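# Survey of secondary and tertiary structure
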Amino acid sequence: MTVRIQPSADVSEDARIGDGSSVWHLAQVREQAVLGENCIVGRGAYVGTGVRMGDNCKLQNYALVYEPAVLEDGVFVGPAVVFTNDHYPRSISPDGTLKRGDDWEAVGVTCRTGASIGARSVCIAPVTIGEWALVAAGSVVTKDVPAHALVAGNPARRIRWVGRAGVPLEDLGDGRFRCPETDETYVEKDETLTLES
């Protein structure tokens, strides 16, 4: 396997890029960033200093993933998604001096295995997107998203449950749900959805 980096991409020598990964035109991958195997960083995407990505992640064109974000295996980040990293952003201090990197505390977005973030969504750090959750395009995520939740809106709210295939689940009643794609069944208890054993 090999790593494919387009000549117009800006990839730090201190970044680690896993086998089979591709970094496309005009993308930037900063110092100490770690990308797993078979990742795709689309055109114009940004991966901040020290960001960690697992295997098989996809960052679509112009996604902005600011440090200290963590993406576990199989995370999808749609076009023009933004992961913020500052509680109270300011360019200057109260005395008018330009703020520097050590003048504030960076906070990150965490995406668990299989999570998907739809195009032009904004995730306001610190938040965690649960396993196999789906954030609808254009959403603004201001609080943690449970595993398997489909959230939408501004602020994002859960509107359905989704399975590992990403499609909305069918309600079977009595807190049980079925995936029409995989036929897997899930159980809801206390606002949490788990795969039925």
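For the structure itself, consult the block above.
In what follows, the accompanying structure is described. (Residues numbered from 1 in each chain as written. Predicted model: local features only at pLDDT ≥ 70, side-chain atom pairs only at ≥ 80, totals over all residues. Heavy atoms only, no water.)

## A few points about the overall build of the protein chain
A count of helices and strands for the protein chain gives zero helices and 26 strands. Referenced to the eigenvectors of the C-alpha coordinate spread, the extents of the protein chain come out at roughly 60 × 50 × 25 Å. Across the 197 residues of the protein chain, 39% fall into the buried class. Long-range contacts, defined here as pairs at least 24 residues apart, represent 16% of the contacts in the protein chain between residues at least 6 apart. As displayed, the protein chain offers around 10,400 Å² of accessible surface, 47% of which is attributable to carbon and sulfur atoms. Within the protein chain, the 27 negative side-chain charges are centred at a point lying 5 Å from the centre of the 19 positive side-chain charges. (Helix = DSSP H or I, 4+ residues; strand = E, 2+ residues; numbered from the N terminus. Buried < 20%, exposed > 50% of the residue type's maximum accessible area, 1.4 Å probe, protein only. Contact = heavy atoms within 4.5 Å. Areas by Shrake-Rupley, 256 points an atom, 1.4 Å probe, with all protein chains shown as cover. Lys, Arg positive; Asp, Glu negative; His and termini not counted. Charge placed at Lys NZ, Arg CZ, Asp CG, Glu CD.)

## Some points on the nonpolar core
Counting 46 residues, the largest nonpolar core has L71, F83 and I129 as the members making the most contacts within it. Setting aside anything within four residues of it in sequence, one finds I129 in contact with T110, C111, R112, A115, I117, C123, V135, V141 and V145. (Core = buried A, V, L, I, M, F, W, Y, C linked by side-chain atoms within 4.5 Å.)

## What about unusual backbone geometry?
Across the junction of A125 and P126, the peptide omega takes the value 0°, indicating a cis bond. Relative to the helices and strands, P126 resides in the loop between β17 (122–123) and β18 (127–129). A cis amide bond links N154 with the next residue in sequence, P155, at an omega value of 0°. For P155, the position within the fold is in the loop between β21 (149–152) and β22 (157–161).

## Observations concerning the sheet that holds β22
Read from one edge of the open sheet, nine strands run β1-β4-β7-β10-β13-β16-β19-β21-β22, paired in mixed fashion. Lying at the two open borders of the sheet, with one neighbouring strand each, are β1 (4–5) and β22. Pairing geometry for strand β19 (residues 134–135) and β21, over two bridges, is parallel. Paired with V135 across the bridge in β21 is V151. (Pairing = 2+ DSSP bridges.)

## Things to note about the sheet that holds strand β24 (residues 176–178)
Picture the strands of a sheet paired through backbone hydrogen bonds; they go either parallel or antiparallel. Read from one edge of the open sheet, four strands run β23-β24-β25-β26, paired in antiparallel fashion. The sheet terminates laterally at β23 (170–173) and β26 (192–195), the two strands that pair on one side only. Going from strand to strand, the sheet's axes swing by 30° on average, the running direction of each strand aside. (Axes fitted to C-alpha atoms, helices over the stretch in contact; angles between N-to-C directions.)

## Digging into the pairing of β21
Consecutive residues of a regular strand have side chains that alternate between opposite faces of the sheet. Bridge count between β21 and β22: four bridges; the pairing is antiparallel. If you follow V151 over to β22, its bridge partner there is R158. Linking β21 back to β22 in an antiparallel pair, the connection comprises four residues, with G153 at a positive phi of about 105°.

## Side note on the pattern of salt bridges
One pass over the structure, following the stated rule, counts seven salt bridges. Put simply, E188 and R158 hold a salt bridge, and the shortest N to O gap is 3.9 Å. You can see E188 sitting in strand β25 (residues 185–189) and its partner R158 sitting in strand β22, a full 30 residues away along the chain. You can call R158 partly exposed: its relative accessible area is 34%. One salt bridge connects R164 with E184, and the closest N-O pair in it is separated by 2.2 Å. Taken together, the residues span a long stretch of sequence, with R164 in the loop between β22 and β23 and E184 in the loop between β24 and β25 at a distance of 20 residues. (Salt bridge = Lys/Arg side-chain N within 4 Å of Asp/Glu carboxyl O.)

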